[in-house]
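Observations on chain architecture
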Amino acid sequence: PPTPPPDVKVRPPGPSDPEVLLDVELVDEKLYLVLVNAGPVTAFDVVVEFQKPLIGVGGEVVISEMKLFRHLPMLRPGKELRVFIDTRRELLARRQGKIVTARLVYRTRTERWLGEVFRHDLRSWSDWGEAR
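Please read these numbers as outputs of a predicted model, since none were measured by experiment.

For the rest of this paragraph, the subject is the overall build of the protein chain. The helix and strand tally for the protein chain stands at two helices and nine strands. Along its sequence from the N terminus, the protein chain presents helices and strands in the succession β-β-β-β-β-α-β-β-α-β-β. Against the globule reference of 14 Å for 132 residues, the protein chain gives a C-alpha radius of gyration of 15 Å, in line with a compact fold. Along the three orthogonal principal directions, the C-alpha set of the protein chain runs to about 45 × 30 × 20 Å. Here the protein chain, with 132 residues, has 42% of them falling under the buried criterion. For the protein chain, the centre of its 21 positive side-chain charges and the centre of its 19 negative side-chain charges are spaced 2 Å apart.

What follows is the structure, encoded as structure tokens:
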């Protein structure tokens, strides 16, 4: 997948740039990774590099190795991709790291490389309940 050349500095997005974010969401006791372009223009060559493997779906799927995260050719403004990680209870009961750290890089139409590091502590959801 395209990545910035070693001599190019990756910068955080500005107000008129794509702003690609990696978040965690809880819906009906299910945890999701959410990749979204919250900026006003399209992002290209989106790559998410996880610091450590993220294992989900009952301990059987390496979420961090999904093709979606290795290279997404484009992500238009407002587009949101949700990836099921696991149920909250299953994920938190499993013996594995609960800190998700990922470096996200992408380029603008004018070939500038942007990016940020996102860190999520999945233990934050341990005492989070939902009304039914």
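Throughout the structure, instances matching the rule amount to eight salt bridges. Residue Glu-25 is joined to Arg-82 by a salt bridge in which the shortest nitrogen-to-oxygen separation is 3.1 Å. Of this pair, Glu-25 sits in strand β1 (residues 20-27) while Arg-82 is found in strand β7 (residues 80-87), placing the two residues 57 residues apart along the sequence. Taking the relative accessible area as the measure of exposure, Glu-25 reaches 26% and is therefore partly exposed. The salt bridge involving Arg-123 is made with Asp-121; its shortest N-O contact spans 2.8 Å. A residue is classified by how much of its surface remains accessible, and Arg-123, at 48% relative accessible area, is partly exposed. Through salt bridges with shared partners, one network takes in Asp-45, Arg-107 and Glu-111.

Glancing now at the side chain of Arg-94. With respect to the helices and strands, Arg-94 occurs in the loop between α2 (88-93) and β8 (99-107). A relative accessible area of 16% means that Arg-94 is categorised as buried. Among the polar contacts made by the side chain of Arg-94, one reaches the side chain of Asp-86 at a distance of 2.8 Å. Setting aside chain neighbours within four positions, we find Arg-94 in contact with Ile-55, Gly-56, Gly-58, Gly-59 and Asp-86.

By the secondary structure assignment, Pro-13 is in the segment before β1. Measuring from C-alpha to C-alpha, the distance between Pro-13 and Arg-107 comes to 10.0 Å, with 94 residues separating the pair along the chain.

Procedures and definitions
- Residues numbered from 1 in each chain as written.
- Predicted model: local features only at pLDDT ≥ 70, side-chain atom pairs only at ≥ 80, totals over all residues.
- Heavy atoms only, no water.
- Helix = DSSP H or I, 4+ residues; strand = E, 2+ residues; numbered from the N terminus.
- Rg over C-alpha atoms; globule rule 2.2 N^0.38 Å.
- Buried < 20%, exposed > 50% of the residue type's maximum accessible area, 1.4 Å probe, protein only.
- Lys, Arg positive; Asp, Glu negative; His and termini not counted.
- Charge placed at Lys NZ, Arg CZ, Asp CG, Glu CD.
- Salt bridge = Lys/Arg side-chain N within 4 Å of Asp/Glu carboxyl O.
- Polar contact = N/O pair within 3.5 Å; in protein donor to acceptor, adjacent residues only side chain to side chain.
- Contact = heavy atoms within 4.5 Å.

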